[in-house]
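Coordinates in review
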Amino acid sequence: MNPLDYARHDGLGLAALVARREVAPAELVESAIACIERHNGTLNAVVHKAYDEARRTAAGRLPDGPFQGVPFLMKDLGRRVAGWPCSMGSVFGQLGPAAEDSVLVQRYRDAGVILLGATNTPEFGIPGVTHSERLGLCKSPWNPAHIPGGSSGGSAAAVASGMVPMAHASDGLGSIRIPAACCGLVGLKPTRDRNPWDPDELWRVCGLAVDHIVCRSVRDCAAMLDATGTPQAASPYAPPPKAGPYLDEIKRPPGALRIAWSSQTPTGRPIDPEIEQALAGTAALLASLGHTVEPRALRLDWLALYFAARAMLAANFAAEIKGLVARVGREPGDDELGPLARRSYEAGKQVSGADALAAMQRVRALSWQLLEQFSGVDVFVTPVLGTLPPRTDELDPLAGDLKAFDQRTTATFPFTPPFNMTGQPSISLPLVQSPSGLPIGMMFTARYGDEATLFRLASQLETARPWFDRRPAVAR
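Residues numbered from 1 in each chain as written. Predicted model: local features only at pLDDT ≥ 70, side-chain atom pairs only at ≥ 80, totals over all residues. Heavy atoms only, no water.

**Considerations on the nonpolar core**
Let me state the cut-off plainly: The set of buried Ala, Val, Leu, Ile, Met, Phe, Trp, Tyr and Cys residues whose side-chain atoms join them within 4.5 Å is what this entry labels a nonpolar core. Here the term buried applies to any residue with accessible area under 20% of the maximum for its type, exposed to any over 50%, and partly exposed to those in between, with areas from a 1.4 Å probe on protein chains only.
In this structure, Phe67, Phe72, Met166, Met224, Leu429, Phe444 and Phe455 are the most contacted members of the largest nonpolar core, which totals 131 residues. Formed by 13 residues, the second largest nonpolar core is a distinct cluster that contains Cys86, Val325, Ala341 and Tyr345.

Here is the structure:
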């Protein structure tokens, strides 16, 4: 299959070609490999290549899932893939090769995808930029001088450049939605525990982290969550069950929704005028589609929430490193943790058990206050970023000046973290393109467990303002 023809299809589109025997899975694998080899030298999106394994899989019998024969990439963070190493972007944190697949990877395989390799991620997935000593700098296909976001930046760069139609991503404080926004993709953070996880996983971030994909179409996003999003039998916090397949939801009109929107950031710092204008245009678009739209900010003691979350997350990270220390048999050396990881580890060791639990309780209580405010609205809208995607030299976690990095991070990524704390579903949609050619993602958040409303609204917006054929220069 011609690589350019390959990149014009979404995942379900490629699977339909396979079902009609117009193309073989082996041809799709070769097309994906050709795209990776063509663009990866520029982007550094794929950091582990499993081409021979993918070719063997394509030549064998594939499960009869919705994505049969479709090439797929895994993020190099936490999820086990049998026979693969997992670096987590860290010199110290390398694991593997894994003895078996994680539950989520098993479900991806059952959906019919063919795993080709692993994508770049920053060290332990900490920042919103994908750059580490271990894996190097990942760049945006829209402009390689800019970031693709993080921590799923490698997956987003791979999808936006046409290497694969979709890729695994995970989100602890915005790491699906941020790279989706930076790379012009669809990125849903599902409801907490909608997708499965393994009981022995260290990387759940006190329940804040969830997994799904980044992709180019709403229907791929819905179909993959249908394939993977079944609660585990022993899950202690299984979300409310869905009413029916999400792929059916995108065919239904959303009706007249009550939608609130705001550009207010937790710090009170104004967002860039270009982002403000994009948000106002999105609100106008929603009103033109028949929704009741009003500006309304969420009310909360944001300082208290973020102060509590910082203590909770630091303690959680120290526990994660402690688990690695037990596996490795020693503490990390001075040159084995990057600046952000070292700071988080040292801070976490200073948090007592009582303080960590108190912080978790405080986060939960404040999250409850946020959840209560959704009783009067169906969807809450903000931008994903407070600025355009920064240049790589403007947001560098290895530059050494962590205070400046923190300030820029706060200005760039102000909107996503609260909905990890509440566990609500939240989606980034690539509705706007800046005059400079960089994507601007808008974030839509629904009530707890209500992905269905997001899928119906996202499908309506995809029709009203199509983005699928909007491709970066690197992919042309």
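**Side note on the state of the cysteines**
Going by this rule: Two cysteine sulfur atoms make up a disulfide if the distance between them is within 2.5 Å.
Scanning the model with the defined rule gives zero disulfides in all. In this structure Cys86 is not part of a disulfide, and its nearest cysteine sulfur, from Cys138, lies 16 Å away. For the unlinked cysteine Cys215, the closest cysteine sulfur is that of Cys221, found at 4.7 Å. Note on Cys215: relative accessible area 0%, which makes it buried.

**A closer look at the environment of Arg134**
Operational definition: Working definition: helices are DSSP H or I runs of at least four residues, strands are E runs of at least two. Numbering for both runs from the N terminus. Working rule for contacts: check all heavy atoms of both residues, and any pair within 4.5 Å makes them a contact.
Structurally, Arg134 is set in the loop between β4 (131-132) and β5 (136-137). Arg134 sits 268 residues away from Leu402 along the chain, and the two C-alpha atoms are 19 Å apart. Dropping the residues within four chain positions of it, Arg134 is found in contact with Ser87, Gly89, Ser90, Val91 and Gln94.

**Observations concerning the environment of Ala446**
With respect to the helices, strands and loops of the structure, Ala446 is situated in strand β13 (residues 439-446). The exposure class of Ala446 is buried, given its relative accessible area of 0%. Taking the C-alpha atoms as reference, Ala446 lies 7.7 Å from Phe374; in sequence the two are 72 residues apart. With residues near it in sequence (within four places) discarded, Ala446 still touches Phe374, Asp378, Gln424, Pro425 and Leu454.

**Focus: helix α10 (residues 273-288)**
Quick note on the threshold: Helices are assigned an expected span. That span is 1.5 Å times one less than the residue count. Working definition: the arc comes from the directions between the helix axis and the C-beta atoms, pointing outward to the latter.
The end-to-end C-alpha separation of α10 is 23 Å, in line with the 22 Å expected for 16 residues at 1.5 Å each. Burial in α10 covers these residues: Ile275, Ala278, Leu279, Thr282, Ala283, Leu285 and Leu286. Projected onto a plane normal to the axis of α10, the buried residues spread over an arc of 160 degrees and lie on a single side. What points out from α10, more than 90 degrees from its buried face, is the exposed set Pro273, Gln277 and Ser288. Looking at the buried side of α10, the elements it contacts are β9 (258-261), β10 (292-295), β11 (379-383), β12 (426-433), β13 and α16 (451-464). A positive phi of about 100 degrees marks Gly290, the residue just after α10.

**Some details on the packing of helix α8 (residues 218-228) against α16**
Packed helices, taken two at a time, are described by the angle between their axes plus the distance between the axes. Note the threshold: An axis is simply a line fitted to the C-alpha atoms; with a helix, the fit covers only the stretch in contact. Between two such axes, the angle follows the N-to-C directions and lies from 0 to 180 degrees. Should an angle lie under 35 degrees it is considered roughly parallel, over 145 roughly antiparallel, and from 65 to 115 roughly perpendicular; all remaining angles are considered oblique. Throughout, a crossing is termed right-handed when the near helix is turned clockwise from the far one, and left-handed when it is turned anticlockwise from it by less than a right angle. The classification used treats Ala, Val, Leu, Ile, Met, Phe, Trp, Tyr, Cys and Pro as nonpolar, Asp, Glu, Lys and Arg as charged, and all other residues, Gly among them, as polar.
The contact between α8 and α16 brings their axes to 9 Å, and the two run at 160 degrees. Classed by the angle they form, the pair α8 and α16 counts as roughly antiparallel. When you trace α8 past α16, the crossing you get is left-handed. Together, Val218, Cys221, Ala222 and Leu225 of α8 and Glu451, Phe455, Ala458, Ser459 and Glu462 of α16 make up the contact between the two elements. For the contact of α8 with α16, the per-class residue count stands at six nonpolar, one polar and two charged.

**Structural notes on the pairing of strand β7 (residues 186-189)**
To be explicit about the condition: A pair of strands is considered paired only if DSSP assigns at least 2 bridges between the two.
A two-sided burial pattern is seen for β7, the buried positions comprising Val186 and Leu188 on one face and Gly187 and Lys189 on the other. Note: β7 against strand β8 (residues 210-215), two bridges, orientation antiparallel. Bridge assignment links Gly187 to a residue of β8, and that residue is Val214. Inspection of the sheet shows β7 paired to β12 by three bridges, in the antiparallel sense. Residue pairing across strands places Gly187 opposite Ser428, the latter belonging to β12.

**Focus on the environment of Leu285**
Relative to the helices and strands, Leu285 resides in helix α10. Separated by 180 residues in sequence, Leu285 and Arg465 place their C-alpha atoms 9.1 Å apart.

**Considering unusual backbone geometry**
Omega for the bond connecting Gly150 with Ser151 falls within 30 degrees of zero, at 5 degrees, which places this linkage in the cis form. Note that Ser151 resides in the loop between β5 and α6 (153-160). Even without glycine at this site, Arg21 takes up a positive phi of about 60 degrees. Within the secondary structure, Arg21 sits in the loop between α2 (11-19) and α3 (25-43). Here Asp193, not a glycine, exhibits a phi torsion of approximately 65 degrees, which is positive. With respect to the secondary-structure elements, Asp193 resides in the loop between β7 and β8.

**Some words on the pairing of β9**
The test is simple: Looking down the strands as they point away from you, a crossover is right-handed if its path from the first strand over the helix to the second goes clockwise.
The pairing of β9 with β10 spans four bridges and is parallel. Its bridge partner being in β10, Ile259 is matched across the sheet by Val293. At this point the chain moves from β9, through α10, to the parallel β10, and the crossover so formed is right-handed. Where β9 meets β11, three bridges bridge the pair, whose relative direction is parallel. Along β11, the bridge assignment pairs Ala260 with Phe380.

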